[in-house]
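A look at the structure
One-letter residues, chain by chain:
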Amino acid sequence: MQINKKYYHTIWVKENSSSVIEIIDQRYLPFEFRVVELKTLKDAFVAIKEMLVRGAPLIGVTAAYGMYLGMLDLKKSENIDQEIRKIGDYLESSRPTAVNLRYAVELIIEKTKSVKDINQKISVALQTANELKEKEIENCRLIGENGLSLIEKISKAKKGDTVNILTHCNAGWLACVDYGTATAPIYLAHKKGIKLHVWVDETRPRNQGARLTAFELGQEGIDHTIIADNTGGLLMQKGMVDLVIVGSDRTSANGDVANKIGTYLKALAAHDNNIPFYVALPLSTIDFNMTDGVKQIPIEQRDENEVRFIDGWLDNKINNVRIVPENSKAANYGFDVTPAKYVTALITEKGVCKANKQDIEKLK
Ligand code: MRU
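The subject of this paragraph is the site of the ligand. In the neighbourhood of the ligand, 19 residues make up the surrounding shell, with Gly55, Arg95, Asp249, Asn259 and Lys260 lying closest. Residue Ala56 places a main-chain N or O atom 3.0 Å away from an oxygen atom belonging to the ligand. Note that an oxygen atom of the ligand is positioned 2.8 Å from one of the side-chain N or O atoms of Asp249. Computed on the free molecule, the ligand has an accessible area of 410 Å², of which 100% lies beneath the protein chains in the complex.

This paragraph deals with the nonpolar core. Formed by 41 residues in total, the largest nonpolar core has its most connected members in Ile11, Met67, Met71 and Leu91. Listing elements by their share of this core, those giving two or more residues are β4 (21-24), α1 (41-49), α2 (56-72), α3 (80-92), α4 (100-113) and α5 (118-157). Excluding residues within four positions of it along the chain, Ile11 makes contact with Ile21, Glu22, Ile23, Leu58, Val61, Thr62, Tyr65, Lys133 and Val177. Residues Leu174, Ala189, Leu212 and Leu217 belong to the second largest nonpolar core, which totals 35 residues.

The next subject is the sheet that holds strand β7 (residues 196-201). Read from one edge of the open sheet, seven strands run β8-β7-β6-β9-β12-β17-β18, paired in mixed fashion. The open sheet is flanked by β8 (224-227) and β18 (351-353), the only strands paired with a single partner. Each strand of the sheet is rotated relative to its neighbour by a mean of 25 degrees, with strand direction disregarded. Both strand β9 (residues 243-246) and strand β12 (residues 277-280) contribute to a ladder of three bridges, which runs parallel. Within β12, the position partnered with Val246 by the bridge is Val279. Strands in contact with α5 are β6 (163-167), β7, β9, β12, β17 (345-348) and β18; relative to β17, the strand with the most contacts, it is inclined by about 130 degrees. Against the sheet, helix α7 (residues 208-219) touches β6, β7 and β8, its axis set at about 160 degrees to β7.

If you walk through the whole model with that rule in mind, you get four aromatic pairs. With a centroid separation of 6.3 Å and an interplanar angle of 45 degrees, the aromatic rings of Tyr8 and Trp12 are classed as tilted. Judged by relative accessible area, which is 19%, Trp12 ranks as buried. Pairing Tyr8 with Phe33 gives two aromatic rings, centres 5.0 Å apart and planes at 55 degrees, and the pair type is tilted. Linking Tyr8 in the loop between β2 (6-7) and β3 (11-13) with Phe33 in the loop between β4 and β5 (35-38), this pair joins segments that are 25 residues apart in sequence. Counting every residue linked through ring pairs, the aromatic cluster contains Tyr8, Trp12 and Phe33. The ring of Tyr28 carries Arg34 above its face, with NZ or CZ at 3.7 Å from the centroid. Taking NZ or CZ as reference, Lys260 lies 4.1 Å from the ring centre of Phe335, over its face.

The subject of this paragraph is the domain arrangement of the chain. Interface size is commonly expressed as the accessible surface area that is lost when the partners come together. Examined at the domain level, the chain breaks down into domain 1 (2-135) and domain 2 (146-361). Taking the mean C-alpha position of each, domain 1 and domain 2 sit 25 Å from one another. Contact residues are listed per partner, giving 34 residues for domain 1 and 36 residues for domain 2. Summed over both partners, the interface of domain 1 with domain 2 buries about 3,000 Å², with 56% contributed by carbon and sulfur atoms.

To continue, consider unusual backbone geometry. Omega for the peptide link from Leu29 to Pro30 comes to 5 degrees, which places this bond in the cis form. The phi angle at Met51 is positive, at roughly 65 degrees, despite the residue not being glycine. Its place among the elements puts Met51 in the loop between α1 and α2. Its identity is not glycine, yet Asn274 carries a phi of approximately 55 degrees, on the positive side. Residue placement: Asn274 occurs in the loop between α9 (263-272) and β12.

The subject of this paragraph is the pattern of salt bridges. Following the criterion strictly, the structure yields 22 salt bridges and no others. The partner of Glu37 in a salt bridge is Lys14, with the nearest N and O atoms 2.6 Å apart. With Glu37 in strand β5 and Lys14 in the loop between β3 and β4, the pair connects residues that are 23 residues apart, well separated along the chain. For Glu37, a relative accessible area of 29% corresponds to the partly exposed category.

We now examine the pairing of β8. In this structure, β7 lies alongside β8, joined through four bridges in parallel fashion. The partner of Asp201 across the bridge, within β8, is Ile227. Each parallel crossover has a hand, and for β7 linked through α7 to β8 it is right-handed.

What counts, and where the lines are drawn
Residues numbered from 1 in each chain as written. Predicted model: local features only at pLDDT ≥ 70, side-chain atom pairs only at ≥ 80, totals over all residues. Heavy atoms only, no water. Near = heavy atom within 4 Å. Polar contact = N/O pair within 3.5 Å; in protein donor to acceptor, adjacent residues only side chain to side chain. Areas by Shrake-Rupley, 256 points an atom, 1.4 Å probe, with all protein chains shown as cover. Core = buried A, V, L, I, M, F, W, Y, C linked by side-chain atoms within 4.5 Å. Buried < 20%, exposed > 50% of the residue type's maximum accessible area, 1.4 Å probe, protein only. Helix = DSSP H or I, 4+ residues; strand = E, 2+ residues; numbered from the N terminus. Contact = heavy atoms within 4.5 Å. Pairing = 2+ DSSP bridges. Axes fitted to C-alpha atoms, helices over the stretch in contact; angles between N-to-C directions. Phe/Tyr/Trp six-rings, centres within 6.5 Å; stacked < 30°, edge-to-face > 60°. Lys NZ or Arg CZ within 6 Å of the ring centre and 35° of its normal. Domains from an automatic or database assignment. Buried area = accessible area lost by both parts, 1.4 Å probe. Salt bridge = Lys/Arg side-chain N within 4 Å of Asp/Glu carboxyl O. Right-handed = clockwise from strand over helix to strand, strands pointing away.

Below is the structure:
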């Protein structure tokens, strides 16, 4: 998608330098546009952990390139596959909730097992990371096509009146490689000329909605309004939301959906107001081995200072200021899990399906 009318992906191999991966450092958006080079396994680990990159599909693709960067430093050894496994374990320890991370690591391990020579393994790893990147782009495009018909239907029922969509966090192209998951149907609907407007939850504490979703929707010329996180319920009661679309960091085989903290409360409000609540996600976000997401999905807890302090733009630079009493502590749970019963349907690259075990199994 575009930034200042130029097309970007969120991650790419540096031109003429295949041992360097470039990313957009999302910690500075929307205030500054900075591209950062990843040259080592540690660089990739830090990029994921410190959230230079974030969002489940992008975490996965970064991890795939991280495996490749780690393998570049491997010397010839007897236990090369064991070393590759160690690289994978290290990367997997960077963030616990998004299952795309494990998916990508396992994919590289699986593909590189079949060749013996280290140089061949390295080139297979790079090729696999590139293929995963392309696949995630195509997945998001297909999610967009599959979700578009849902928006079209509502637009028709409203006789062409503006369709109001509420979204939480950033499940946009910045969380993926291109298009996004929750935003893909929105971008395609906009392109088709359907009148729409997006309510953007600010998404405390890191404000991925206010900072990233608002930024990318603005860059694409899509009408949107940022709301404080607790506003959605009121808007739904007043008939100002036609549907909710969110992304997911991990969805279990029974259809429970982990997504950014606060998603669950939006699902409850949508349920109470008979508003469709859709979750857009690629199959790489489904944990087919997990039977009960509410009980089993690991919830990341992050630094309390992400709650106690906030970033803002002042005097031509980003400032980080404390917004709570000096000695008050804070808790920072990154995600929550919405039980499947509150999910109207999942929008995937393979089609729209009910959030239950039988229908999810058929996607495989
Ligand atoms: O902590 P983040 O910014 O990585 O969390 C991102 C989200 O919760 C997204 O909604 C989710 O990854 C879906 S991304 C397409």
